[in-house]
Amino acid sequence: MENDHPLKVLKEKAPLPSWLHRKLPSQKEYSITDNLINEKMLATVCEEAKCPNRFECYSKKTATFLLLGKICTRACGFCEIGYSKNPPALDAKEGKKVAESVVTLGLNHVVLTQVARDDLLDGGAGAIANTIREIRKARPSCTIEVLTSDYHGNREALDIVLAEKPEIFNYNIETVRRLTPKVRHKATYDRTLSILAHAKKTLPESFIKSGLMLGLGEEDYEIEEALKDLLNTGVHIVTMGQYMQPSKKKLRVKEYIHPEAFQKWKIRGEDLGIPFVHAGPYVRSSYNAQEVFERLRQL
């Protein structure tokens, strides 16, 4: 794939391309999810990270729960979640409240993610594991997908989460090797690959997942290199979506990628041997997570 692909559109100061415009779904269903989350005083990555899919996902009565509070100890260049070196203490009832929300919403598949909590000895891994246990106690039929921190390289902390055997373990590589130091605050490219490989070895019956953002200035050969690196860790699914600048303080979009280019990357990734590549401008780590999970189980 050539670097001057005609399906890439330079951002400059141009308005959003037509393929990034879409209609909003029903306000009624959205409000049910939004009100429940507010009532339980929970955080979602949908809201804190200003995900463009929030309205759609809430309208489907689903959300990606953001655990360990809503303040992160890292300040990554792409992420809008609040930052502090000393976040508030953990909510001891968070796991139970998430489990109650899963029951109320009638979820059959739930996605859990977390802020990085480098201020905690285990990075919050124990609290994540507890939330998984609470969900399984409250709704045993619900499958669980978890997207963790790298726990600053603490393998013992990672193993606390892996011991709960989530049906899907996700850790995003986010971008290509060259751009990683600029895009991610502390996480490294090679540590990410190591975490995914370790998860694959530890959870042979679970699905392993990772994701890439496009539009940050990566070259095509770098994207292909990242896909091959992810394949070598044994991942089952890779998500690929358009990076969208959440605020003026964050990294600028270098280019908008046309849906047809995403489709070509999907085909290329699967041709390389990745079982399933979920690619498109609005695809995010947890976008249509249950549908993707069902697709994986059919492979």
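Structure: above.
Visitor: So what exactly am I meant to see when it comes to the pattern of salt bridges here?
Guide: Two side chains of opposite charge can pair, provided their charged atoms sit close to one another. Overall, the coordinates contain 16 salt bridges when judged by the stated rule. Note that Arg133 and Glu164 form a salt bridge whose closest N and O atoms lie 2.9 Å from each other. Taken together, the residues span a long stretch of sequence, with Arg133 in helix H5 (residues 125–138) and Glu164 in the loop between helix H6 (155–162) and strand S8 (168–170) at a distance of 31 residues. According to the relative accessible area criterion, Arg133 is partly exposed, its value standing at 42%. The salt bridge partner of Glu222 is Arg178, with a shortest N-O separation of 2.6 Å. Within this pair, whereas Glu222 is found in helix H9 (residues 220–233), its partner Arg178 is found in the loop between S8 and helix H7 (180–183), the two being separated by 44 residues in sequence. On the basis of relative accessibility, which here comes to 45%, the residue Arg178 falls in the partly exposed class.

Visitor: Quick question: what am I supposed to make of the environment of Ile144 here?
Guide: Take Ile144: it is sitting in strand S7 (residues 143–147). Under the relative-accessibility criterion, Ile144 is labelled buried at 0%. Sequence separation between Ile144 and Glu167 is 23 residues; the distance between their C-alpha atoms is 5.5 Å.

Visitor: I'm lost on the packing of aromatic side chains in this one. Help?
Guide: Describing an aromatic ring pair means giving the distance of the ring centres and the angle of the ring planes. All chains considered together, the criterion is met by one aromatic pair. Arranged with centres 6.0 Å apart and planes meeting at 80°, the rings of Phe207 and Phe293 form a pair that is edge-to-face. One end of the pair, Phe207, is in strand S9 (residues 207–214); the other, Phe293, is in helix H11 (residues 289–298), and 86 residues separate them in sequence. On the basis of relative accessible area, Phe293 is assigned to the buried category, the value being 3%.

Visitor: I tried to follow the packing of helix H4 (residues 94–105) against H5 on my own but got confused; where do I start?
Guide: Helix-helix packing is characterised by the crossing angle of the two axes and by the distance between the axes. Closest axis-to-axis distance for the H4/H5 pair is 8 Å, and the angle between their directions is 35°. Handedness of the H4/H5 crossing: right-handed. In contact with Gly95, Lys96, Val98, Ala99, Val102 and Val103 of H4, H5 contributes Asn130, Thr131, Glu134, Ile135 and Ala138. Its residues placed into classes, the contact of H4 with H5 shows six nonpolar, three polar and two charged.

Visitor: Where do I start with the nonpolar core in this structure?
Guide: Soluble globular proteins tend to bury their nonpolar side chains together. Phe65, Val110, Leu112, Ile135, Phe169 and Met240 are the most contacted members of the largest nonpolar core, which totals 71 residues. It is helix H8 (residues 189–202) that contributes the most residues to this core, five residues altogether. Not counting chain neighbours up to four residues away, the residues in contact with Ile135 comprise Val98, Ala99, Val102, Val110, Leu112, Pro140, Cys142 and Ile144. If you look at the next biggest cluster of nonpolar residues, it comprises seven residues, including Ile168, Ile237, Phe293 and Leu296.

Criteria and cut-off values
- Every chain is numbered on its own, with residues counted from 1 as its sequence reads.
- Restriction of local features to residues with pLDDT of at least 70 applies here, the model being predicted, together with a cutoff of 80 or more for giving and counting side-chain atom pairs; totals for whole chains, interfaces and linings are based on all residues.
- Each side-chain value is derived from all of the structure's non-hydrogen atoms; neither hydrogens nor water enter the calculation.
- We count a salt bridge whenever a side-chain nitrogen from Lys or Arg sits within 4 Å of a carboxyl oxygen from Asp or Glu.
- In this text, helices come from DSSP runs of H or I with a minimum length of four residues, and strands from runs of E with a minimum of two, each type numbered from the N-terminal end.
- Using a 1.4 Å probe on the protein chains alone, a residue whose accessible area is under 20% of its type maximum counts as buried, one over 50% counts as exposed, and one in between counts as partly exposed.
- Pairing of aromatic rings covers Phe, Tyr and Trp, the last counted by its six-membered ring, and requires centre-to-centre distances within 6.5 Å; plane angles under 30 degrees mean stacked, over 60 mean edge-to-face, and any other angle means tilted.
- In this analysis, axes come from line fits to C-alpha atoms, helices being fitted only over the stretch in contact, and the angle between any two N-to-C directions falls in the range 0 to 180 degrees.
- Two helices crossing with the near one rotated counterclockwise from the far one by less than a right angle form a left-handed crossing, whereas a clockwise rotation gives a right-handed crossing.
- Contacts are assigned to residue pairs with any non-hydrogen atoms lying within 4.5 Å of each other.
- The residue classification treats Ala, Val, Leu, Ile, Met, Phe, Trp, Tyr, Cys and Pro as nonpolar and Asp, Glu, Lys and Arg as charged. All others, Gly included, are polar.
- The nonpolar core is taken to be a set of buried Ala, Val, Leu, Ile, Met, Phe, Trp, Tyr and Cys residues, with the residues joined through side-chain atoms within 4.5 Å.

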